[in-house]
Amino acid sequence: MSSHPIDVLSLGTGVMFTVFALAYLIIPGSMSLALSIPLMLVGLGVFGLAAAIVTQRRRQAQQPQN
Amino acid sequence: MFGGVCGGLGRYWNVDPVVLRVVFGVSLLLGGFGLFAYLAMWWIVPDDSAPDTAKVNPSWLMVGLGAIAAVIAGLIGLGLLFSDGGSGILLGGLIAGLVVWIVLSQRTTGQTAAQVPPEPGYAYGGTTGYPPAAAPPPPPAPPRDRSYLGLIGLCAAIAATGFAMLVSGDPVTVLAAGLLALGATLVVGAFRGRARWLLVFAVPLLMLLAAVGQVQRLDINAGDVTWTPTSAENSYSLTAGALDVDFSQWQGQPGLSDSVSIDAGLAEVRIAAPRNWDLVLVTDFGAGELQIDDKTDVRPSPNGTNRTLVPASSGRADGTLRMNVSLRAGAVIVQTGAPAAGTAPAVIETPEPATTKDTKPASPKKEKAA
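Source: prediction; values computed, not measured.

Parameters at a glance
- Residues numbered from 1 in each chain as written.
- Chains lettered and ligands numbered in written order.
- Predicted model: local features only at pLDDT ≥ 70, side-chain atom pairs only at ≥ 80, totals over all residues.
- Heavy atoms only, no water.
- Helix = DSSP H or I, 4+ residues; strand = E, 2+ residues; numbered from the N terminus.
- Buried < 20%, exposed > 50% of the residue type's maximum accessible area, 1.4 Å probe, protein only.
- Contact = heavy atoms within 4.5 Å.
- Areas by Shrake-Rupley, 256 points an atom, 1.4 Å probe, with all protein chains shown as cover.
- 1 Å grid on protein atoms, 1.4 Å probe; cavity = no way out; pocket = protein on both sides within 12 Å on 5 of 7 lines; lining within 4 Å.
- Points joined across faces, edges and corners; volume = space filled by probe spheres on them.
- Nonpolar A, V, L, I, M, F, W, Y, C, P; charged D, E, K, R; others polar.
- Axes fitted to C-alpha atoms, helices over the stretch in contact; angles between N-to-C directions.
- Parallel < 35°, antiparallel > 145°, perpendicular 65-115°, else oblique.
- Left-handed = near helix turned anticlockwise from the far one by under 90°.
- Phe/Tyr/Trp six-rings, centres within 6.5 Å; stacked < 30°, edge-to-face > 60°.
- Salt bridge = Lys/Arg side-chain N within 4 Å of Asp/Glu carboxyl O.
- Core = buried A, V, L, I, M, F, W, Y, C linked by side-chain atoms within 4.5 Å.

Draft legend 1. Region of the structure containing the overall build of chain B. Of regular secondary structure, chain B possesses 8 helices and 9 strands. Within chain B, buried positions represent 38% of all 370 residues. Considering only contacts within chain B whose residues lie at least 6 apart along the sequence, 71% involve residues at least 24 apart. When the accessible surface of chain B is totalled, it reaches about 20,200 Å², and 64% of it is carbon and sulfur.

Given below as C-alpha cells:
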C-alpha cells in the first residue's frame, strides 16, 4: 500500500464511524436513531464537500507544474 | 435513451451505461432525486457532436456535482436533525445518490489528466501545406497501485462481527464492532492505500445499528393486560394492545378525591368503574372514541382534552376519582356497573381547561374533595 496525500473524505468519515461505533459500544443508549442518522448525513455532506474542495485545489496546484 | 447523459457519463467513467441507467431509474423512484441530477447534467455536460466539447473542465464538473450532492446531503441531515422526522424515501434516494457519487468519483482519479487533447499539428512542427495531423494517442495513464486495504478492512469487519457474536449476543455490540473495523480502516485509508468504497458498507451498517439500538431503547409493553390500580400503583403505560382496568382492589379514602393515569399508544382501554365513586375521565385522544356502557358514544374533541363526569352507579358517591387517560389511537370503554340500561348514569361533558391539563402521571398525594 503506497502512501498518498491525506484523503479528507476517508479520514473524516472514518473518524465519524469510529466515534459512532465507540459510542454504541461504550455508552449503551447514548445514541438514538433521531440523532445518529442526521449526524451521519451531515458528516457525509461536510466531509464530501471538504474532499471536493481539497481535491480541486490540489489539481489547480499541480496544473502550473505540468 | 433520453438525453444521452448515461451513455456519455459511462464512456467518460468507463462504466457500462446500463449500470448508470439503473442507478438513475432507482433514484428516480426513490424520491425523484435522480431526475434533477439527470436534468442538471443534461444541461451541463457538453454534447459529443458539438465542436467545443472541451468547454467544461471534467474535473470541475465532477467537483461541482459532488459539491452539490454534498451540500444537499448536509442540508437534509441538518433538517432531519432539527425536525421531528423526515421522508424516508428522500433519505434513501439521497444516500443512494451520494454513495454512487463517491464510488464513481474514485474512478475518475488519474483519468482527467490523460484526456487533455494535444494541439493539432504538433507532431509536424507546425509546418504548413499539410492537413493537420491526427493527434497522437494520449499517453496511457499510469496504472494505479492495486490497494488491498479495503478488502482487508471488509474482512476485518466481518471477523470483528463474528467475534462479537461469540463474546456478546447483543446485536448492537455485534454491529458496532463491524462498524468500528470499517471506520478504523477508512482512517488508515486516508493516509495509505484506498478504502473509500467501504462507505458503501459503513453507511447502511450505521443505519441498521441505529435502528436496532432504537428498538432496544423502546420499552415495549404490549398485549392483553389486566391492571388493578391501587393507591400505591396509580399509573400505567401501555404501548399497544388491550388494557382492562379493574378497580376491585381500589381502596380510596371516602370523602377524598384520588387520581390514576393511563398512557397508552394504540390500545383499547376497558374500565370497570368503581360503583361508589364518581369518575372524572380526563381523556386526551389522538384518534379514537369514548364509550360508556356500550351505549353512550362520546366523540372526544379532535386533538383536545375532554373532561367527562361519570356519576357513581349506586347514586351515592364516596368520593371522586380522577382518571387521566392519554391515548394515541383506539378506544376507551367504560362500564359503570349500572343495573339496567334505563338507569345508566348521566354523562356530563365539559372542556378541560388548558391550564389544568395533566401531562404527568398522577401523584399519589391526596387532595380534598370538592
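Draft legend 2. A look at the overall build of chain A. From N to C terminus, chain A includes 2 helices and 0 strands. Expressed as a percentage of the 66 residues in chain A, the buried residues total 44%. On chain A, roughly 3,300 Å² of surface is accessible, and the fraction owed to carbon and sulfur atoms is 67%.

Draft legend 3. Looking closely at empty space enclosed by the protein. Residue and element names in this part refer to chain B. Counted under the stated rule, the structure contains 1 cavity of 30 Å³ or more. Quantified by volume, the largest cavity comes out at close to 30 Å³. If you go around the largest cavity, the residues you meet are A273, P274, W277, L279, V310, P311, A312, S313 and T336. Of the residues assigned to the lining of the largest cavity, the class counts are 7 nonpolar, 2 polar and no charged.

Draft legend 4. The packing of helix α1 (residues 8-26) of chain A against helix α8 (residues 199-217) of chain B, seen in detail. Two numbers describe how α1 of chain A lies on α8 of chain B: the axes approach to 11 Å, and their chain directions differ by 25 degrees. One element, α1 of chain A, and the other, α8 of chain B, form an angle in the roughly parallel class. In the packing of α1 of chain A onto α8 of chain B, the handedness of the crossing is left-handed. In this structure, α1 of chain A uses L9, T13, F17, F20 and Y24 of chain A to contact α8 of chain B, whose residues at the interface are L199, A202, V203, L206, L209 and A210 of chain B. When the residues that make up the contact of α1 of chain A with α8 of chain B are grouped by side-chain class, the tally is 10 nonpolar, 1 polar and no charged.

Draft legend 5. View of the packing of aromatic side chains. Residue and element names in this part refer to chain B. This model, assessed by the stated rule, comprises 2 aromatic pairs over all chains. Considering the side-chain rings of W197 and F201, the 6.1 Å spacing of their centres and the 70 degrees angle between planes classify their relative orientation as edge-to-face. Residue W197 is classed as partly exposed on the basis of its relative accessible area, which comes to 28%.

Draft legend 6. Local environment of the pattern of salt bridges. Residues and elements named next belong to chain B. The full count for this structure, using the stated rule, is 5 salt bridges over all chains. When the shortest N-O distance is used, the salt bridge between R270 and D244 registers 2.7 Å. In this pair, R270 sits in strand β3 (residues 256-272) while D244 sits in strand β2 (residues 235-246), placing the two residues 26 residues apart along the sequence. Measuring nitrogen to oxygen at the nearest pair gives 2.5 Å for the salt bridge that ties E268 to R270. Given the relative accessible area of 30%, E268 is considered partly exposed. Here R270 falls in the partly exposed class, since its relative accessible area comes to 28%.

Draft legend 7. Just the nonpolar core, in detail. Counting 31 residues, the largest nonpolar core has F17, F20, Y24 and M40 of chain A together with L179, L206 and L209 of chain B as the members making the most contacts within it. Of all the secondary structure elements, the ones that give two or more residues to this core are α1 and α2 (33-62) of chain A together with α6 (149-167), α7 (171-189) and α8 of chain B. With near-sequence residues (within four places) excluded, F20 of chain A lies in contact with M31, S36, L39 and M40 of chain A together with L179 and L206 of chain B. L238, A273, L279 and L290 of chain B belong to the second largest nonpolar core, which has 28 residues in total.

Draft legend 8. A look at helix α1 (residues 5-13) of chain B. Of all 9 residues making up α1 of chain B, 7 are buried, and the element is well covered by its neighbours. Buried within α1 of chain B are the following residues: V5, C6, G7, L9, G10, Y12 and W13 of chain B.

Draft legend 9. Representation of the environment of Y148 of chain B in the model. Residue and element names in this part refer to chain B. Looking at the secondary structure, you find Y148 in the loop between α5 (88-108) and α6. Given a relative accessible area of 47%, Y148 falls into the partly exposed group. Separated by 47 residues in the primary sequence, Y148 and A195 place their C-alpha atoms 8.2 Å from one another.

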